[in-house]
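# Notes for the structure review
What follows is each chain in one-letter form.
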Amino acid sequence: LFPDYAKTKIKMRRFNSATAKSFLFVNLLINSRSFASKIFSSTLVSTSELHDAMAAKEETLRVINSSWYMPNMKKNGREEYSKERIPGSVFFDIDECVDKSIKLPHTYPPVDVFTDYMKALAIGKNSTIVCYDNLGIFTSPRMYWMLKSFGCEDVYVLDGGLPDWKAQGYEVESGDRVTATMDMTGLDFNFGPGVKIRSFEDMVKLAYDVGKGRSDCQIVDARPKERFDAAVPEPRPWVSAGRIATSTSMFFKNFWTEECKFKSPEEIKEAFNCSNIDLDKPIVTSCGSGVSACIDWFAAMLAGAKHIDIYDGSWTEFGSRNIEDLDLTQFSDEFQKDWSEAIERVEKRCDIEDPKVQHILREIFHEL
């Protein structure tokens, strides 16, 4: 375990006994840091485990609340955080730390934006981070995914979130929280570069290849089944109803228990199997705006999937793009030919200029 031990023995001969023993202890301590046990043993942390770690005043521990609500819920994450939260937790606003060059909700941020935001929260790459939200399991998997993507290793999700914390009778606090005075000694802000986000064109190509049998990747949609089937309007009025062609419905709540906790890995595997989703094959998760897609992503990870990606723009991007937005020069001649023929077939069924047909991309795409 300690590769420098032999060298240390030689050095010890040159010191007096007390100095040598002290040197040996420090040397062994430094070399054993990588073998030190982590605070938590599982990616999913129970509220009792978090409570015990907080009571032990673990120095590296940071707790993040990333609560966000669907537009129709008419709630604000920061306001709800101010009303009640786990003591000492900080608020990460997924609508604030974003790529502002992209006009979509809570986009994946550039590394410099993310780094500045984390510095303001006094959370480093080497912190032990527990993510939670006010609904139990909703935005915390996205926070986890984002942190891991920027190189944070010691990251966890609080199973059951704030509802379970309160159900266990643990204390909550309220009011505005100031993080500027938090101790930042030893924090590493050298975050990784992040991940390459799949573009709209990437997803069009992927769905086309899947439909042609050229890719075994599976596009998994985490939205409710009625939204997947276009049986109800989207919560964002500028987005058309529908789904990405070749995608499979896998509603994120299928992975929840009644207490809004994650089911066991075995139960999660069974849920995927029932929807004919093979966890041994590549998966790209999507949803409305990239939040619940992370729940499916996290569930697949818990169940043992290794090749999982997230379409950050999700249906809000895909369902709001017009056919003029598609740069056909990025696609093969075969695709361009199929695309033109699909447009002709759709034109025979509906008037593209009709204002009631706001977005006909999905109709054309399903014709490919």
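As shown above, the structure is provided for reference.
Figured I'd write up the structure that's included with this text.

Basis of the calculations
- Residues numbered from 1 in each chain as written.
- Predicted model: local features only at pLDDT ≥ 70, side-chain atom pairs only at ≥ 80, totals over all residues.
- Heavy atoms only, no water.
- Salt bridge = Lys/Arg side-chain N within 4 Å of Asp/Glu carboxyl O.
- Buried < 20%, exposed > 50% of the residue type's maximum accessible area, 1.4 Å probe, protein only.
- Helix = DSSP H or I, 4+ residues; strand = E, 2+ residues; numbered from the N terminus.
- Expected span 1.5 Å × (residues − 1).
- Phe/Tyr/Trp six-rings, centres within 6.5 Å; stacked < 30°, edge-to-face > 60°.
- Lys NZ or Arg CZ within 6 Å of the ring centre and 35° of its normal.
- Axes fitted to C-alpha atoms, helices over the stretch in contact; angles between N-to-C directions.
- Left-handed = near helix turned anticlockwise from the far one by under 90°.
- Contact = heavy atoms within 4.5 Å.
- Nonpolar A, V, L, I, M, F, W, Y, C, P; charged D, E, K, R; others polar.
- Pairing = 2+ DSSP bridges.
- Right-handed = clockwise from strand over helix to strand, strands pointing away.

A word on the pattern of salt bridges. Taken as a whole and assessed by the stated rule, the structure comprises 18 salt bridges. The shortest N-O distance in the salt bridge between Arg227 and Glu234 comes to 2.8 Å. On the basis of relative accessibility, which here comes to 10%, the residue Arg227 falls in the buried class. Beyond isolated ion pairs, a larger network of salt bridges with shared partners links Asp221, Arg223, Arg227 and Glu234.

Bringing helix 8 (residues 200-211) into the picture now. The end-to-end C-alpha distance of helix 8 is 17 Å, a good match for the 16 Å that 12 residues give at a rise of 1.5 Å each. Looking at helix 8, one finds that the buried residues are Phe200, Glu201, Met203, Val204, Leu206, Ala207, Tyr208 and Val210. Positive phi appears at Gly213, one or two residues downstream of helix 8, with a value of about 80°.

Let us look at the packing of aromatic side chains. Applying the stated criterion across every chain, the model contains 23 aromatic pairs. On the numbers, 6.3 Å between centres and 45° between planes, the contact of Phe92 with Phe114 is tilted. Within this pair, whereas Phe92 is found in the loop between strand 3 (90-91) and helix 5 (111-120), its partner Phe114 is found in helix 5, the two being separated by 22 residues in sequence. Measuring from centroid to centroid gives 6.5 Å for Phe189 and Phe191, while their planes differ by 55°, and the two rings are tilted. Considered together, Phe189 and Phe191 belong to a single accessibility category, that of buried residues. Taking NZ or CZ as reference, Arg85 lies 4.5 Å from the ring centre of Tyr81, over its face.

Here we come to the packing of helix 10 (residues 265-274) against helix 11 (residues 292-302). Look at helix 10 against helix 11: their axes get within 8 Å of each other, and the N-to-C directions meet at 115°. Crossing angle aside, the handedness with which helix 10 passes helix 11 is left-handed. Packed against helix 10, whose contacting residues are Pro265, Ile268 and Phe272, the element helix 11 presents Asp296, Ala299, Ala300 and Leu302 at the interface. Split into classes, the residues belonging to the contact of helix 10 with helix 11 amount to six nonpolar, no polar and one charged.

Okay, the sheet that holds strand 9 (residues 308-310) next. Sheet architecture is open: four strands sit in the order 7-6-8-9, paired in parallel fashion. Lying at the two open borders of the sheet, with one neighbouring strand each, are strand 7 (248-249) and strand 9. Bridge analysis of strand 8 (residues 283-286) against strand 9 gives three bridges, and the strand direction is parallel. Looking at strand 9, one finds that Thr285 is bridged to Ile310.

A word on the sheet that holds strand 1 (residues 44-45). The strand order across the open sheet formed by five strands is 1-5-4-2-3, and the pairing between neighbours is parallel. The open sheet has two edge strands, strand 1 and strand 3, and neither has a second partner. Running over the sheet, helix 6 (residues 140-149) touches strand 2 (61-65), strand 4 (128-132) and strand 5 (155-158) and is turned about 180° from strand 5.

Right, let's talk about the pairing of strand 5 for a bit. Here strand 5 shows no split at all, with Val155 and Val157 on one side and Tyr156 and Leu158 on the other all buried. Two strands pair when backbone bridges link them, and strand 1 and strand 5 are joined in this way by two bridges, in the parallel orientation. Counted as the bridge partner of Val45 is Leu158 from strand 5. Pairing analysis gives three bridges linking strand 4 to strand 5, with the strands arranged parallel. What sits directly across from Val130, in strand 5, is Tyr156. A crossover links strand 4 with its parallel partner strand 5, the connecting element being helix 6, and its sense is right-handed.

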